[in-house]
Amino acid sequence: MKAARSASDLTAVAARIPYAVYLGLRIELDEEGVLARLPFRSDLVGNVALPALHGGVVGAFLELTALFQMLASARDARNPKPINFNVNFLRSAGPHESLARARVVKHGRRIANVEVVAWQGDRAKPVASGFGNFLL
Amino acid sequence: MKEPDFALRDFFGERRQELISHIPHAVELGMKVEEAGARRALLRIPRGERLLGAASRGVVFGGVITTLLDQVGGTAVMCSQRDLTAIATIDLRIDYMRPSTPGRDLLGYAECYRLTRNVAFVKSRAFHDGEFDDPFAISLSTYMLASSAAAPGVVKALEAGRSGKRRADKPQ
């Protein structure tokens, strides 16, 4: 994938999103596209018994990944605004690093549609998937 | 028709904060249970710099609203149950009608409008104080209900809270 922005551009953007900084989000860029990482932290937990990440943290992680993939894919995607976002919770996200990748399904003039998958350890066993439509 | 006896009725009043006080991320965000009642809940996330999408614009990042609506939805489901079971979100769909207003607290209101044996169905909205009829986000979500035999720690934590009160009430 020929990126519209470099890994360091994306990291700089991430550093300016307070919520991304708070979650501890890390953005990497490779030939496949953006790889987002979310290290585990105990204050991100929703269910202490399992333990499992809070569903909202997983959702936010998916949404952030989608945002960064849009920024990586297209120079004109400066400030995409979410219109809607759907999250499917597939497996409990345990006390491990989470990873995610997104794919811009359609990048139109005004709307982009992006799908995202998050996993821990085994990409074939995702913890969550989602998609969103964004106003460009 | 008589209302069923809700398992968490004891937490509908003064003790409502205990519905989420065992949830680290909710506590971390300073979430407050404003109201809890039959099949419904109202939660607040106080405004904060670290919740923002872009420091300059002051608008909260969408994912924070996801967290608020997921939590208030789950709490509404807990407040619908006759028998306390653990719950897990199946899916969550959010429509963002407009950005949230900078510098204001976030409120989330959820109603569990249908409870079947296995699944709970929830409608919720995110809005600012005084603007219940003008939400900035609307959501539908579904939750899986665990069998009561499972009784994971979160269920035990709430029951420990209830029995703690009973122990305190017993004469020493």
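What comes next is a walk through the structure. (Residues numbered from 1 in each chain as written. Chains lettered and ligands numbered in written order. Predicted model: local features only at pLDDT ≥ 70, side-chain atom pairs only at ≥ 80, totals over all residues.)

Some words on the overall build of chain B
What counts, and what does not: Strands here are runs of E lasting at least two residues and helices are runs of H or I lasting at least four, both read from the DSSP assignment and numbered beginning at the N terminus. Three exposure classes are used, based on other C-beta atoms lying within 10 Å of a residue's own C-beta, which is placed from the backbone: buried for 20 or more, exposed for 12 or fewer, and partly exposed in between. We call two residues in contact when their backbone-placed C-beta atoms lie within 7 Å.
Scanning chain B from terminus to terminus reveals three helices and six strands. Listed by position from the N terminus, the elements making up chain B come as α-β-β-α-β-β-β-β-α. Out of the 172 residues belonging to chain B, those deemed buried represent 42%. For chain B, the proportion of contacts with a sequence separation of at least 24, taken over those separated by at least 6, is 65%.

Structural notes on the interface of chain A and chain B
Operational definition: Amino acid classes used here: Ala, Val, Leu, Ile, Met, Phe, Trp, Tyr, Cys and Pro are nonpolar; Asp, Glu, Lys and Arg are charged; the rest, including Gly, are polar.
Every contact between the two is made by 30 residues of chain A and, on the other side, 33 residues of chain B. Counting only elements with at least two residues in the side of chain A that touches chain B, the list comes to α2 (18-23), β3 (45-47), α3 (55-73) and β5 (81-89) of chain A. The biggest single contributor to the side of chain A that touches chain B is β5(A), with eight residues. Residues of the side of chain A that touches chain B, tallied by class, amount to 17 nonpolar, 10 polar and three charged.

Remarks on the sheet that holds strand β1 (residues 32-37) of chain B
The cut-off we apply is this: Strands are labelled as partners when DSSP assigns at least two bridges between them. Orientation is described by axes fitted as lines to C-alpha atoms, over the contacting stretch for helices, and by angles from 0 to 180 degrees between their N-to-C directions.
Across the sheet, which stays open at both edges, the 12 strands sit in the order β1(A)-β2(A)-β6(A)-β7(A)-β8(A)-β5(A)-β3(B)-β6(B)-β5(B)-β4(B)-β2(B)-β1(B) with antiparallel pairing between neighbours. Whereas interior strands pair on both sides, the edge strands pair on one side only; in this sheet they are β1 (26-30) of chain A together with β1 of chain B. Averaged over all neighbouring strand pairs, the angle between strand axes comes to 20 degrees, with direction disregarded. Bridge count between β5(A) and strand β8 (residues 128-135) of chain A: eight bridges; the pairing is antiparallel.

Examining helix α2 (residues 62-78) of chain B
Selection criterion: Each residue after the first adds 1.5 Å to the expected span of a helix.
In this model α2(B) runs 25 Å from its N-terminal to its C-terminal C-alpha over 17 residues, within 8% of the 24 Å that 1.5 Å per residue would give. For α2(B), a buried count of 17 out of 17 residues is recorded, marking the element as mostly surrounded by other parts of the structure.

Quick word on α3(A)
Over its 19 residues, α3(A) extends 27 Å from the first C-alpha to the last, a length consistent with the 27 Å expected when each residue adds 1.5 Å. Among the 19 residues of α3(A), 19 are classified as buried, and the element is accordingly described as predominantly covered.

Focus: the nonpolar core
Residue and element names in this part refer to chain A. As a reminder, the rule being used: Residues of type Ala, Val, Leu, Ile, Met, Phe, Trp, Tyr and Cys that are buried and joined through C-beta atoms within 7 Å form what is called a nonpolar core.
Core analysis: the largest hydrophobic core is formed by 89 residues, its most contacted members being A36, V58, F61 and A118. For this core, the leading source of residues is α3, giving 12 residues. Filtering out sequence-adjacent residues up to four positions away, A36 remains in contact with L25, I27, F61, L64, T65, F68, L99 and A100.

What to know about the pairing of strand β5 (residues 119-127) of chain B
Residues and elements named next belong to chain B. With eight bridges joining them, strand β4 (residues 106-115) and β5 adopt antiparallel strand pairing. The residue bridging G108 from the neighbouring strand is A126, located in β5. Linkage of β4 to β5, two consecutive antiparallel strands, is achieved through a turn of three residues. As paired elements, β5 and strand β6 (residues 137-145) share eight bridges and run antiparallel to each other. Looking at β6, one finds that V119 is bridged to M144.

What to know about the environment of H107(A)
Residue and element names in this part refer to chain A. Of note, H107 is situated in strand β6 (residues 98-107). A tally of 17 C-beta atoms within 10 Å means that H107 is categorised as partly exposed. In sequence terms H107 and A77 are 30 residues apart; their C-alpha atoms lie 9.3 Å from each other. The contact partners of H107, leaving out residues within four places of it in the chain, are S73, A74 and A112.

Details of the pairing of β5(A)
When β5(A) meets strand β3 (residues 87-96) of chain B, the two strands line up antiparallel, connected through five bridges. Among the inter-strand pairings, F85(A) is bridged to a residue of β3(B), identified as I94(B).

Regarding the packing of α3(A) against α2(B)
Two quantities define a packed helix pair, namely the angle between the axes and the distance from one axis to the other. Note the cut-off: Each angle gets one of four labels, with under 35 degrees taken as roughly parallel, over 145 as roughly antiparallel, 65 to 115 as roughly perpendicular, and the rest as oblique. In a left-handed crossing the near helix is turned counterclockwise from the far helix by less than a right angle, and in a right-handed crossing that turn is clockwise.
Interaxial distance between α3(A) and α2(B) falls to 8 Å at its minimum, and their mutual angle equals 155 degrees. For the element pair α3(A) / α2(B), the angle class is roughly antiparallel. Along this stretch, α3(A) crosses α2(B), giving a crossing that reads as right-handed. Contacts from G55(A), G56(A), V57(A), G59(A), A60(A), E63(A) and L64(A) in α3(A) reach G62(B), G63(B), V64(B), T66(B), T67(B), L68(B), D70(B) and Q71(B) in α2(B). Within the contact of α3(A) with α2(B), the residues separate by chemical class into five nonpolar, eight polar and two charged.

Looking at unusual backbone geometry
The step from L50(A) to P51(A) runs through a cis peptide bond, and the omega angle for that step is -20 degrees. Looking at the secondary structure, you find P51(A) in the loop between β3 and β4 (52-53). Positive phi is not limited to glycine here, since R39(B) has a value of about 65 degrees. Looking at the secondary structure, you find R39(B) in the loop between β1 and β2 (40-45). Classification of R39(B) by C-beta neighbours within 10 Å gives buried; the count is 21.

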